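Residue strings, one per chain:
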Amino acid sequence: MSREFVVLAGTANPELAAAVAADLGLLPGACAIERFPDGEISVQLQESVRRKEVFLIQPLSPPVNDHLVELLALADACRRAAAARITAVVPYLGYARSDKRHRRREPITGRMVADVLETVGIDHLVTVDLHAPQIEGFFRIPVDTLTAVPRLATFLREELPQGVVVVAPDVGALRMATDYAHRLNGTVAVLHKRRDSATGTHVTHLVGDVGGKTCLIVDDMISTGGTIASAIEALLKAGARQELTIAATHGLLLAGARQKLAQDAVKTIAITDTVFQPIRDWPQLQSISIAPVIAGALKRFLEHRSLSDLYRGD
Ligand code: R5P
């Protein structure tokens, strides 16, 4: 890796940024991020980025608006300080679920976020397991969507018996479920989910045979836990074995999610550290680091190499 580069961390997940930087053989660059008394964000780079490649690491986890403005401010500071190129590494892209208008007179906030990221001078976006692949189309800059599936599948291979049924809790998760099933030598089932409100969902149909089977429920994210809780209820009602495993790339696990998912029938919940996870006292919750995948991608960028082998994974 001959090119000069720097890794800068926002405040959303400094541990992940430090792990990525360590994998690349350096420490995150020095920058001060503070709040003014009125809540505005103050950023100052404390080392030169002139003519350097900059990797800004900041998931858009809650508080999403603060983390977004911080990322924009960091990018603006880098551009004004004459960085050669700015790559935003946003392992969890907030607002991605707002990718279309559900009702009239609504915004498409995912598109709006794409526009502001480009406006501040971000040249390249790296993210992980986007909510829907077509969100890449909101951007005109290159977008590399990495995936946690190979890493999580490697972990789960040790946990799960042969013949697992990988369950998509809604049609949107079907592609991911198929990928897991392929890697774990399992079959696929899908639930049809109806959303009653921003926080409430219920399952109306199950397609697939889960009776007496070991099931793995997979999704891109767990937010309130409502989707997975509805899936658990539907699977147990359909006679699945009382030994469920859950895998999701982004473990937001907002207040109340733990109460919904801490059930006797749930053996393991595997997530990654795309967002910072403060829960450390829940034995069923296993966090697998995404840092090697991100660092692997950044190394390949610096060496002008393809990412194809990274997608294939283990
Ligand atoms: C929705 O389509 C997503 O893929 C997730 O299933 C959903 O956002 C998870 O949210 P929650 O945990 O609040 O149900």
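In the block above lies the structure referred to throughout.
Conventions and cut-offs
- Residues numbered from 1 in each chain as written.
- Predicted model: local features only at pLDDT ≥ 70, side-chain atom pairs only at ≥ 80, totals over all residues.
- Heavy atoms only, no water.
- Pairing = 2+ DSSP bridges.
- Helix = DSSP H or I, 4+ residues; strand = E, 2+ residues; numbered from the N terminus.
- Axes fitted to C-alpha atoms, helices over the stretch in contact; angles between N-to-C directions.
- Core = buried A, V, L, I, M, F, W, Y, C linked by side-chain atoms within 4.5 Å.
- Buried < 20%, exposed > 50% of the residue type's maximum accessible area, 1.4 Å probe, protein only.
- Domains from an automatic or database assignment.
- Near = heavy atom within 4 Å.
- Polar contact = N/O pair within 3.5 Å; in protein donor to acceptor, adjacent residues only side chain to side chain.
- Areas by Shrake-Rupley, 256 points an atom, 1.4 Å probe, with all protein chains shown as cover.

### Quick look at the sheet that holds strand 5 (residues 85-90)
Logical step 1: Pairing is parallel in the open sheet, where 5 strands are placed in the order 1-4-5-6-7. The open sheet is flanked by strand 1 (5-9) and strand 7 (143-146), the only strands paired with a single partner. When strand polarity is set aside, the average angle formed by the axes of neighbouring strands in this sheet is 20°.
Logical step 2: Strand direction decides the pairing type here: strand 6 (residues 124-128) and strand 7, joined by 4 bridges, are parallel. Bridging from a neighbouring strand, Thr 127 pairs with Thr 145 of strand 7.

### Looking at the nonpolar core
Logical step 1: If you look at the biggest cluster of nonpolar residues, it comprises 47 residues, and the most contacted ones within it are Val 20, Leu 146, Leu 156, Tyr 180 and Leu 216.
Logical step 2: At 8 residues, helix 8 (residues 291-302) tops the list of elements feeding residues into this core.
Logical step 3: Viewed by domain, this core spans two of them, domain 1 (5-147 + 292-302) and domain 2 (149-288), each represented by three or more residues.
Logical step 4: Ranked by size, the runner-up nonpolar core spans 35 residues in total, among them Ile 41, Leu 56, Val 113 and Leu 130.

### Overview of the site of the ligand
Logical step 1: In the vicinity of the ligand there are 13 residues, among which Arg 97, Asp 219, Asp 220, Thr 224 and Thr 227 approach most closely.
Logical step 2: For the ligand, an oxygen atom lies 2.8 Å from a polar atom in the backbone of Ser 223.
Logical step 3: One of the side-chain N or O atoms of Thr 227 is found 2.5 Å from an oxygen atom in the ligand.
Logical step 4: Alone, the ligand offers 370 Å² of accessible surface; in the complex the protein occludes 91% of this.
Logical step 5: Looking at the shell around the ligand, the elements that each hand over two or more residues are strand 11 (215-222) and helix 6 (226-237).
Logical step 6: It is strand 11 that provides the largest number of residues to the shell around the ligand, a total of 4 residues.

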